[in-house]
Amino acid sequence: MRPIAESEFRETAEPLALRAVSVEVRQDGGAPLRVLDIPSLDISAGARVALTGPSGAGKTTLLHLLAGIGRPTRGAIRWGGLDLANLTESARDRWRRREIGLVFQDFHLIPELSILDNILLPLTFGSAGRSQNYSKRAVALSERMGLPDPRRRAAVLSRGEQQRVAIARALLQDPAILLADEPTASLDATTGDALGTLLLDAARQRGATLIVVTHDPHLIARLDTVLRIEAGKLMETRP
Ligand SMILES: Nc1ncnc2c1ncn2[C@@H]1O[C@H](COP(=O)(O)OP(=O)(O)OP(=O)(O)O)[C@@H](O)[C@H]1O
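Values in this document were obtained by computation on a predicted structure and should not be read as measured data. (Residues numbered from 1 in each chain as written. Predicted model: local features only at pLDDT ≥ 70, side-chain atom pairs only at ≥ 80, totals over all residues. Heavy atoms only, no water.)

Here we take up the overall build of the chain. Each helix and strand counted, the chain has eight helices and ten strands in total. For 239 residues, the compact-globule estimate of 2.2 N^0.38 gives 18 Å, and the C-alpha radius of gyration of the chain, at 18 Å, lies within 12% of that figure. The long-range share in the chain, meaning contacts at least 24 apart out of those at least 6 apart in sequence, stands at 69%. Total accessible area on the chain stands at roughly 11,200 Å², and carbon and sulfur atoms take up 50% of it. Separation between the mean location of the 31 positive side-chain charges and that of the 28 negative ones in the chain comes to 2 Å. (Helix = DSSP H or I, 4+ residues; strand = E, 2+ residues; numbered from the N terminus. Rg over C-alpha atoms; globule rule 2.2 N^0.38 Å. Contact = heavy atoms within 4.5 Å. Areas by Shrake-Rupley, 256 points an atom, 1.4 Å probe, with all protein chains shown as cover. Lys, Arg positive; Asp, Glu negative; His and termini not counted. Charge placed at Lys NZ, Arg CZ, Asp CG, Glu CD.)

The phi dihedral of Ala20 is positive, around 50 degrees, even though this residue is not glycine. Relative accessible area serves as the criterion here: at 51%, Ala20 is assigned to the exposed category. With phi around 50 degrees, Glu182 is a residue other than glycine that occupies positive phi space. Looking at the element boundaries, Glu182 is found in the loop between β7 (177-181) and α7 (189-206). (Buried < 20%, exposed > 50% of the residue type's maximum accessible area, 1.4 Å probe, protein only.)

Looking now at the packing of helix α6 (residues 159-171) against α7. Where α6 contacts α7, the two axes come as close as 11 Å, and the packing angle between them is 5 degrees. Considered as vectors, α6 and α7 are oriented roughly parallel to each other. Two secondary-structure elements touch here, α6 through Arg164, Ile167 and Leu171 and α7 through Thr191, Leu195, Leu199 and Ala202. Residues of the contact of α6 with α7, tallied by class, amount to five nonpolar, one polar and one charged. (Axes fitted to C-alpha atoms, helices over the stretch in contact; angles between N-to-C directions. Parallel < 35°, antiparallel > 145°, perpendicular 65-115°, else oblique. Nonpolar A, V, L, I, M, F, W, Y, C, P; charged D, E, K, R; others polar.)

It is worth spelling out the environment of Leu147 at this point. Inspection of the secondary structure puts Leu147 in the loop between α5 (132-144) and α6. A relative accessible area of 11% places Leu147 in the buried class. Residues Leu147 and Glu89, 58 residues apart in the sequence, show an inter-C-alpha distance of 34 Å. Setting aside anything within four residues of it in sequence, one finds Leu147 in contact with Ile115, Ser142, Glu161, Arg164 and Val165.

Here the focus is the side chain of Thr209. If you trace the backbone, Thr209 turns up in strand β8 (residues 209-213). Look at Thr209 and you get buried, because its relative accessible area is 0%. Within polar-contact distance, the side chain of Thr209 engages the backbone nitrogen of Gly46 at 2.9 Å. (Polar contact = N/O pair within 3.5 Å; in protein donor to acceptor, adjacent residues only side chain to side chain.)

Secondary-structure assignment places Asp201 in helix α7. In sequence terms Asp201 and Gly232 are 31 residues apart; their C-alpha atoms lie 30 Å from each other.

Here we come to the confidence of the model for the chain. Of all residues in the chain, 90% have pLDDT values of 70 or greater, and the mean over the chain is 88. Within the model, the stretch residues 1-10 combines pLDDT values under 50 with 25 contacts to residues more than four positions away or in other chains. Note on the complex model: pTM 0.90, ipTM 0.94. (pLDDT = per-residue confidence, 0-100.)

Around the ligand, the structure places 13 residues, and the nearest of them are Ser55, Gly56, Lys59, Thr60 and Thr61. Take Ser55: an N or O atom from its side chain is 2.6 Å from an oxygen atom of the ligand. Relative to its unbound accessible area of 650 Å², the ligand is 62% covered by the protein chains. Ranked by residue count, the leading element in the shell around the ligand is helix α1 (residues 59-66), at three residues. (Near = heavy atom within 4 Å.)

With that settled, consider the environment of Leu172. Examined against the element boundaries, Leu172 turns out to sit in the loop between α6 and β7. Given the relative accessible area of 1%, Leu172 is considered buried. Here the alpha-carbon distance between Leu172 and Ala140, two residues 32 residues apart in the chain, equals 9.9 Å.

A few words on the sheet that holds strand β5 (residues 82-83). The four strands are arranged β2-β1-β4-β5 in an open sheet whose pairing can be described as antiparallel. Two strands bound the open sheet, and with one partner strand each, they are β2 (32-43) and β5. Together, β1 (16-26), β2 and β4 (74-79) form the strand contacts of α1, whose direction differs from that of β1 by roughly 125 degrees. (Pairing = 2+ DSSP bridges.)

Right, let's talk about α7 for a bit. Relative to the 26 Å expected for 18 residues at 1.5 Å per residue, α7 spans 26 Å between its end C-alpha atoms, a close match to the ideal helical length. Residues of α7 that are buried include every one of Gly192, Leu195, Gly196, Leu198, Leu199, Leu200, Ala202 and Ala203, and no others. The residue sitting at the N-terminus of α7 and contributing the capping side-chain oxygen is Asp188; that oxygen lies 3.1 Å from the backbone nitrogen of Thr190. Looking at the residues trailing α7, positive phi occurs at Gly207, about 70 degrees. (Expected span 1.5 Å × (residues − 1).)

Shown next as structure tokens:
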């Protein structure tokens, strides 16, 4: 375990390599249950990847590992030269804030805060500060997402609107890595397609790596690679 130097943060996307990664959990003190088992996985920098598979297969577990949320029981998760499994929790937190735009399955919004303040939330924890530029960018993102008045509280938003706030927040700092857990799940087909376009455009313009957990066939068809997980194992890949 070691701290991380600021010089190790990257401005450009890096290839991803998993080696002998497994995750085991213990339920009610019973025997360890292996929920993820990936001998090897390589994803090139700037790739646009769909991660699919049945409920409980391990998709969210994998996405969280890639974001440095938790560590694998065994194995290496390397973004470029940086192995997340070797970092302390606080180093992983700082790395995530700098490098990752993450859309959680359950959004992680703060209900009492406005749309705008939720979009700006990552700056509260980072060193970037809440500059005028970011406020302008947050308002612009909110508009592009078709959200209502950005002063409205998150508590009163529909699920689909909350999902759009979560996506706007992930795009705020123009990250080199975009990870999204079912980002179109709460949306009708038209809005889902529009948000898919926003995510894909954001990734393309930035040259970011985009990895999306999704069951949405329209979104899957627009991504370059499909990874399928069943019972914690990678089953097939396209192309
Ligand atoms: N901390 C934990 N303790 C016990 N079981 C866990 C833990 N974390 C994950 N699991 C189990 O690991 C499996 C994979 O969960 P995960 O949330 O990654 O699945 P998923 O493919 O994202 O499912 P869904 O599509 O329903 O969101 C599930 O069976 C889940 O119950």
